[in-house]
Amino acid sequence: MKGINEQRAGLLSGIGAYGLWGLVPLFWPLLKPAGAIEILAHRMVWSLGFVAVALLVLRRWSWIGELVRQPRKLGLISVAAATITVNWGLYIWSVNNGHVVEASLGYFINPLVTIAMGVLLLGERLRPVQWVAVGTGFAAVLVLAIGYGRPPWISLVLAFSFATYGLMKKKVDMGGLESLTAETAVVFVPALGYLLWLGARGESTFASDGVGHAALLASAGLVTAVPLVLFGAAAIRVPLSTLGLLQYLAPVFQFVLGILYFHEAMPPERWAGFALVWLALTLLTWDAFRTARRTRAQVREARQVAQQQAPQPNPPTDEPASRAQL
């Protein structure tokens, strides 16, 4: 019963994390007239504040000393911080400048970019269905480039920056809360310096647009931290295959919001491009489930063979009884 409750809690946490990430386009326009860079700087500064409080409550500080003594890991975290800064900044700009649908495309094609990077950078080998999916994704980008009249740069930068961020996170191998703390600590000083510079020039909206606006800017840190905490809770309670499916909730919500709420245009060629992306993702999902099912079957067969080949214990004998009868 406890296991079932744990899985249910993990599933709800995962839905909450990806659901919040999918609905976040509704939040960034509330922060206008602040520009994308100012919003990004507040997001970095206040995120560090929230995660520091969380670490203080949980008393999880021991990892900091170990991290400081590992220059290579610090370098990887710095790269992760730089790439997620690009990702966050471009995403905020996209939402507040009418490119929600194109931004959602970036997170749709992110799994395809991650696979391509695995082949190019890590020497991984793809299964035939994965090759077909990657090729279909490349065709989708070409179709969308024709539809937009230019390559979908926003989507590509978002996809590649987040894939690079994921690669760095994998190499660093730290918990979600700890890695977010380290990443925001890396960019905290530049972000705070930028906000102080804006204030000195009289261009900061934090102090000039009222208490409500200042509270919204500060809450950007909470909007960043809460989904990550929920994601961390889901990651330890539900299978990776389930998380892989849940990750599509965010771009689906963003795509729907872009069309129905922000009323962005979707001419036929864009529908065709998105359809190819969705086909590629369907192929990836089907191949992942098929491979996982085959792996489980092979594990069961190996266990059965091992049990059959294991030496059987000798059956108990009734030798003493026989001697008594003699």
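Residues numbered from 1 in each chain as written. Predicted model: local features only at pLDDT ≥ 70, side-chain atom pairs only at ≥ 80, totals over all residues. Heavy atoms only, no water.

**Looking at helix H7 (residues 153-172)**
- Along its 20 residues, H7 runs 28 Å from first to last C-alpha, staying within 8% of the 28 Å computed at 1.5 Å per residue.
- The complete set of buried residues in H7 reads Ile154, Ser155, Leu156, Leu158, Ala159, Ser161, Ala163, Thr164, Tyr165, Leu167, Met168 and Val172.
- Just downstream of H7, Asp173 is the residue with a positive phi angle, here 55°. (Helix = DSSP H or I, 4+ residues; strand = E, 2+ residues; numbered from the N terminus. Expected span 1.5 Å × (residues − 1). Buried < 20%, exposed > 50% of the residue type's maximum accessible area, 1.4 Å probe, protein only.)

**Focus: the confidence of the model for the chain**
- The predicted model of the chain averages 83 in pLDDT, with 90% of residues at 70 or higher.
- Helix H13 (residues 319-325) is the least confidently modelled element of the chain, averaging 48 in pLDDT, while helix H11 (residues 249-261) averages 91, the highest of any element.
- Low pLDDT, under 50, characterises residues 321-326; the stretch is placed with zero contacts to residues that sit more than four places away or in other chains. (pLDDT = per-residue confidence, 0-100. Contact = heavy atoms within 4.5 Å.)

**A closer look at the packing of aromatic side chains**
- Evaluation of the coordinates by the stated rule reveals 14 aromatic pairs.
- When the ring of Phe27 is compared with that of Trp28, the centres are 5.2 Å apart and the planes differ by 65°; the resulting orientation is edge-to-face. The burial state of Phe27 is the same as that of Trp28; both residues are buried.
- Taking the centre distance of 5.0 Å and the plane angle of 85° together, the rings of Tyr261 and Phe262 count as edge-to-face.
- One aromatic cluster is present, formed by Phe108, Phe255, Trp271, Phe274 and Trp278 through successive ring pairs. (Phe/Tyr/Trp six-rings, centres within 6.5 Å; stacked < 30°, edge-to-face > 60°.)

**Quick look at the packing of helix H5 (residues 100-122) against H11**
- Where H5 contacts H11, the axes come no closer than 8 Å and their chain directions differ by 165°. Viewed along their axes, H5 and H11 adopt a mutual orientation that is roughly antiparallel. By crossing handedness, the relation of H5 to H11 is classed as left-handed. Of the residues in H11, those in contact with Val100, Val101, Ala103, Ser104, Tyr107 and Phe108 of H5 are Pro251, Val252, Gln254, Phe255, Gly258 and Ile259.
- Here the residues of the contact of H5 with H11 are counted per class, giving nine nonpolar, three polar and no charged. (Axes fitted to C-alpha atoms, helices over the stretch in contact; angles between N-to-C directions. Parallel < 35°, antiparallel > 145°, perpendicular 65-115°, else oblique. Left-handed = near helix turned anticlockwise from the far one by under 90°. Nonpolar A, V, L, I, M, F, W, Y, C, P; charged D, E, K, R; others polar.)

**Looking at the side chain of Thr83**
- As for its placement among the helices and strands, Thr83 is situated in helix H4 (residues 71-96).
- Take Thr83: its relative accessible area is 14%, and that puts it in the buried class.

**Digging into unusual backbone geometry**
- Following Lys32, the chain continues to Pro33 via a peptide bond in cis, the omega torsion being 15°.
- The phi dihedral of His263 falls on the positive side, at around 55°, and the residue is not glycine.
- Checked against the element boundaries, His263 lands in the loop between H11 and helix H12 (268-309).
- Residue classification places His263 among the exposed positions, given a relative accessible area of 63%.

**Observations concerning the side chain of Ser204**
- Its location among the elements puts Ser204 in the loop between helix H8 (176-201) and helix H9 (210-235).
- Overall, Ser204 belongs to the buried group, its relative accessible area being 15%.
- A distance of 3.2 Å separates the side chain of Ser204 from the backbone nitrogen of Phe206, its partner in a polar contact.
- Those residues in contact with Ser204 that sit more than four places away from it in its chain are Glu38, Leu198 and Gly199. (Polar contact = N/O pair within 3.5 Å; in protein donor to acceptor, adjacent residues only side chain to side chain.)

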